[in-house]
Amino acid sequence: MECRLHCGACCIAPSISSSFPNHPNGKKAGERCKNLTDDNLCKLFGKPERPAVCHDFKAVEWVCGKDKHQAMQILTELETLTN
């Protein structure tokens, strides 16, 4: 599965514990990443400063669902279950 452009769920729902540009203390779950554009594209995509957890994330249907709303629900639930 290819990443769904303009979705942004994986840039909002999960927490990120590592420091990265615009988030020196990481990012809380549910907080919109400051590197996400208004049209939900990553400003750090393909750049070395992109967090490893973001680089390693691969879009799969069981996580991303059928649309961006379902992706938010699934990723939020996974975040809660793994917290």
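Residues numbered from 1 in each chain as written. Predicted model: local features only at pLDDT ≥ 70, side-chain atom pairs only at ≥ 80, totals over all residues. Heavy atoms only, no water.

Trainee: Just to check I follow, could you spell out helix α3 (residues 68-82) for this structure?
Mentor: Since the α-helix advances by 3.6 residues per turn, residues separated by three or four positions end up pointing in the same direction. Taking 1.5 Å per residue as the helical rise, α3 with its 15 residues ought to reach 21 Å, and the 21 Å between its terminal C-alpha atoms agrees with that figure. Every buried residue of α3 is listed here: A71, L75 and E79. Burial along α3 is one-sided: seen end-on, the buried residues are contained in an arc of 65°. In α3, those exposed residues whose orientation departs by more than 90 degrees from the buried face are H69, Q73, T80 and L81. A side-chain oxygen of the first residue of α3 lies 3.1 Å from the backbone nitrogen of H69; this N-cap is D67. (Helix = DSSP H or I, 4+ residues; strand = E, 2+ residues; numbered from the N terminus. Expected span 1.5 Å × (residues − 1). Buried < 20%, exposed > 50% of the residue type's maximum accessible area, 1.4 Å probe, protein only. Arc of directions from axis to C-beta. Polar contact = N/O pair within 3.5 Å; in protein donor to acceptor, adjacent residues only side chain to side chain.)

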